[in-house]
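Working through the structure, step by step
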Amino acid sequence: MYKIMTPGPTQVPENVRRARSLACTNPDFDESFVFFYKETCELISRLLHTENETLILDGEGILGLEAACASLTEPGDKVLVLDNGIYGRGFADFVTMYGGVPEFLHSDELAAFPPELLEAHLTEHHDYAYATLVHCDTPSGVLNDIHRLCPLLKKYGILTVVDSVSGMFGEDVRVDEAGIDLLCGGSQKAVSAPPGLTFVTVSDAAKQKMKHRKTPIASFYANLMTFEGYYEKKWFPYTMPISDIYGLRAAFDNITADSNLLSRHAQIAAATRHALTAAGLRLHLNSGYSNTVTVFDVPGETTADAILLTMRNEHGIMLSGSFDSLAGKVIRIGHMGANANVADMTVTMSALSDTLHTLRVPLRGDLGILFLEAVKQNFL
Ligand SMILES: *Cc1c(COP(=O)(O)O)cnc(C)c1O
């Protein structure tokens, strides 16, 4: 068994694993399960600071993104796609698939998306049905300020779709304050349940757009409207994955009980960045660092594969490379959710130091020691 220090899936606490093994009822016919589902959805809404309804869907994070686009897009709809990363531009594929016309707004991939750029663009162009943006674009670790970007879009009545699969619960998300119409999350990142579930918060404005479509939603599984009235009808559109939802509930109970969740993420992320740069490694980004994942460039002396293999074979720790345009270029350390603790991160950073030493990458200090020193100085 590896210690998984990847930016999702993350480690799963024992109480979540145990909850997944509880005896099951028939989720189609047992009304107590319908109540449990609704109560869990309400808990998620509360934790994300929204009055909007949350729906838990039976599929991992990608289903949430597709469901958002499938449910909102009508053929010919113009959709603004904010792109400073791989997931950012990836939204365009879903928009196109459901007949929409994506229009990209690109910005520097090594920094957070500048609100000024969006603001200037919108003064000239604002004829969009909705806009898509990513909170933490995980392949590079760039964090976009959704609380500044979404209100700019709402000013023009543009609906907002946000992917915060790898942001939420490691970074603050206030759905109502930001004005997020559809917010997508997943079970396997900072939530720290196994992969398999996605959840989406849905605003009334988004529901109105879906209700008043001229064309039917071109999907069943990715159609958010199929859940309409489920509680009153005691009827789900398909059989709910009850064990997955028991586990998810335990994970959210853990989050509810964790009083310094966000400050711990901030502290561990700052200490990680400090250790890497103090030792002479280069962070991939210039700014806009997420507190959920740290990404550094592969040093010239070695390769991403060599680092990942040595970490696994010699230390039993799994880190992550990246993909698409970043394949082979960077290493990612996922310090989100259950991974965001000083003990696991110290072991990981020490092992990384050893690994780089073995691979003849010169370092100006031991990463584990540098990390711990920074944590002790509350390096923020
Ligand atoms: C993980 C992730 C998803 C879900 O996709 P996977 O298939 O689990 O990789 C969606 N968006 C972002 C930004 C993610 O990090």
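Residues numbered from 1 in each chain as written. Predicted model: local features only at pLDDT ≥ 70, side-chain atom pairs only at ≥ 80, totals over all residues. Heavy atoms only, no water.

1. Focus: the sheet that holds strand S8 (residues 159–163)
Backbone hydrogen bonds hold the strands of a sheet together, and the pairing may be parallel or antiparallel. Defined as follows: Whether two strands pair comes down to DSSP finding at least two bridges between them. Under the scheme used here, helices are H or I runs from DSSP no shorter than 4 residues and strands are E runs no shorter than 2 residues, and both carry numbers assigned from the N terminus. The angle between two axes is taken between their N-to-C directions and runs from 0 to 180 degrees, where each axis is a line fitted to C-alpha atoms and a helix contributes only its stretch in contact. Should any heavy atoms of two residues lie within 4.5 Å, those residues are counted as being in contact.
On the basis of which strands lie adjacent, the open sheet formed by seven strands has the order S2-S10-S9-S8-S5-S3-S4 and mixed pairing. Only two strands of the sheet have a single partner each, and these edge strands are strand S2 (53–57) and strand S4 (101–106). Direction aside, neighbouring strands of the sheet carry axes that sit 20° apart on average. As judged from the three bridges shared by strand S3 (residues 78–83) and strand S5 (residues 130–134), these two strands associate in the parallel manner. Opposite leucine 80, over in S5, you have alanine 131 as the bridge partner. Strands S2, S5, S8, strand S9 (182–186) and strand S10 (198–202) of the sheet are contacted by helix H3 (residues 61–72), whose axis makes an angle of about 160° with S9.

2. Overview of the environment of glycine 316
Summarising the element assignment, glycine 316 is placed in the loop between helix H12 (304–315) and strand S12 (317–318). Sequence-wise, glycine 316 and methionine 336 are 20 residues apart; in three dimensions their C-alpha atoms are separated by 19 Å.

3. Details of the domain arrangement of the protein
To keep it simple, the criterion reads: For the domains described, the bounds stem from an automatic or database domain assignment. Buried area, as used here, totals the accessible surface that two parts lose on assembly, with accessibility defined by a 1.4 Å probe and the loss added over both.
In terms of domain boundaries, the protein breaks down into domain 1 (14–257) and domain 2 (261–376). For domain 1 and domain 2, the distance between their C-alpha centroids amounts to 29 Å. Each partner contributes to the interface: domain 1 provides 24 residues, whereas domain 2 provides 24 residues. Of the roughly 1800 Å² buried between domain 1 and domain 2, counting both surfaces, carbon and sulfur atoms make up 60%.

4. Structural notes on H12
This is how it is decided: An expected span of 1.5 Å times one less than the residue number is assigned to each helix. Residue burial is assigned from relative accessible area. The probe radius is 1.4 Å, only protein chains are included, and a residue is buried under 20% of its type maximum, exposed over 50%, and partly exposed in between. The reported arc concerns the directions from the helix axis to the C-beta atoms and nothing else.
For H12, built from twelve residues, the straight-helix expectation of 16 Å at 1.5 Å per residue is met to within 8% by its first-to-last C-alpha distance of 16 Å. Within H12 the residues assigned to the buried category are Ala304, Ile307, Leu308, Thr310 and Met311. For H12, the angular spread of buried residues about the axis comes to 165°, placing them on one side. Facing away from the buried side of H12 by over 90 degrees, the exposed positions are Asp305, Asn313 and Glu314. Considering only its buried residues, H12 is in contact with S12, strand S13 (330–334) and helix H13 (342–358). One or two steps after H12, the chain reaches glycine 316, where phi turns positive at roughly 65°.

5. Topic: the site of the ligand
Just so we agree on the cut-off: Note on definitions. A residue lies near a molecule or strand when any single heavy atom of the residue is within 4 Å of it. Any pair of nitrogen or oxygen atoms within 3.5 Å is treated as a polar contact; in protein, a donor-acceptor pairing is required on top of that, and neighbouring residues in sequence qualify only through side-chain atoms on both sides. To measure how exposed things are, a 1.4 Å probe is used in the Shrake-Rupley method; for residues, cover is taken only from the protein chains shown. Note on residue categories: nonpolar means Ala, Val, Leu, Ile, Met, Phe, Trp, Tyr, Cys or Pro, charged means Asp, Glu, Lys or Arg, and polar means any other residue, Gly included.
Contacts to the ligand come from Glu60, Gly61, Ile62, Tyr87, Cys136, Thr138, Asp163, Val165, Ser166, Gln188 and Lys189. Contact between the ligand and threonine 138: an oxygen atom at 2.3 Å from a side-chain N or O atom of the residue. Residue aspartate 163 places a side-chain N or O atom 2.6 Å away from a nitrogen atom belonging to the ligand. Burial of the ligand by the protein chains amounts to 83% of its free accessible area of 370 Å². Residue classes in the shell around the ligand are distributed as four nonpolar, four polar and three charged.

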